[in-house]
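Read off the chains here:
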Amino acid sequence: MTQTDASSARPFSVVKVIRRDHADPVSPYRWEPKRSFFAVARHNRTARGH
């Protein structure tokens, strides 16, 4: 099995989901981009030009 097989792929996230107040179960969520978000965006911008 190679690393490109879907069965060996590790899940990852490109954003952090953050609750405004962790003690309040009805508190709204917000998201913040991680560094990987910008790396994927950069990759997609360069791939679009080819």
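## Here we look at the overall build of the protein chain
On a plain count of helices and strands, the protein chain comes out with one helix and two strands. Of the regular secondary structure in the protein chain, the N- to C-terminal order runs β-β-α. Of all 50 residues assigned to the protein chain, the portion counted as buried reaches 6%. Contacts in the protein chain between residues at least 24 apart in sequence constitute 3% of all its contacts with a sequence separation of at least 6. Accessible area for the protein chain stands at about 4900 Å²; split by element, carbon and sulfur atoms hold 57% of it.

## Observations regarding the confidence of the model for the protein chain
The predicted coordinates of low-pLDDT regions are not to be read in fine detail. Per-residue confidence for the protein chain gives a mean pLDDT of 83; residues scoring 70 or more make up 80%. Ranking the elements of the protein chain by mean pLDDT puts helix α1 (residues 35–48) last with 90 and strand β2 (residues 29–33) first with 94.

## Here we look at the packing of aromatic side chains
Applying the stated criterion to the full structure yields two aromatic pairs. Note on Trp31 and Phe37: the rings are 5.9 Å apart at their centroids and 50° apart in plane angle, and the pair reads as tilted. On the basis of relative accessibility, which here comes to 52%, the residue Trp31 falls in the exposed class. Their ring planes at 85° and their centres at 5.3 Å tell us that Phe37 and Phe38 sit as a pair that is edge-to-face.

## Quick word on the environment of Trp31
Turning to its location among the elements, Trp31 is positioned in strand β2. Considered as a pair, Trp31 and Val15 are 16 residues apart in the sequence and their alpha carbons are 6.3 Å apart. Every residue in contact with Trp31, bar those within four places of it in the chain, is listed here: Val15, Lys16, Val17 and Phe37.

Calculation notes
- Positions within a chain are numbered from 1, following the residues in the order the chain's sequence is written.
- Local features in this predicted model are restricted to residues whose pLDDT is 70 or higher, and side-chain atom pairs enter the listing and the counts only when it is 80 or higher, whereas totals over whole chains, interfaces and linings include all residues.
- Hydrogens and water molecules were not included; the side-chain quantities draw on all heavy atoms of the structure.
- Secondary structure elements follow DSSP: runs of H or I of four or more residues count as helices, runs of E of two or more count as strands, with numbering from the N terminus.
- For every residue, the accessible area (1.4 Å probe, protein chains only) is compared with the maximum for its type, and the residue is labelled buried under 20%, exposed over 50%, or partly exposed between those bounds.
- Contacts: residue pairs with any heavy atoms within 4.5 Å of one another.
- Note on areas: these come from Shrake-Rupley sampling with a 1.4 Å probe, and a residue is covered only by the protein chains present in the view.
- Here pLDDT means the predictor's own confidence in every residue, given as a number from 0 to 100.
- Each aromatic pair joins two rings of Phe, Tyr and Trp (for Trp, the six-membered one) with centres within 6.5 Å, and gets the label stacked for planes under 30 degrees apart, edge-to-face for over 60, and tilted for any other angle.

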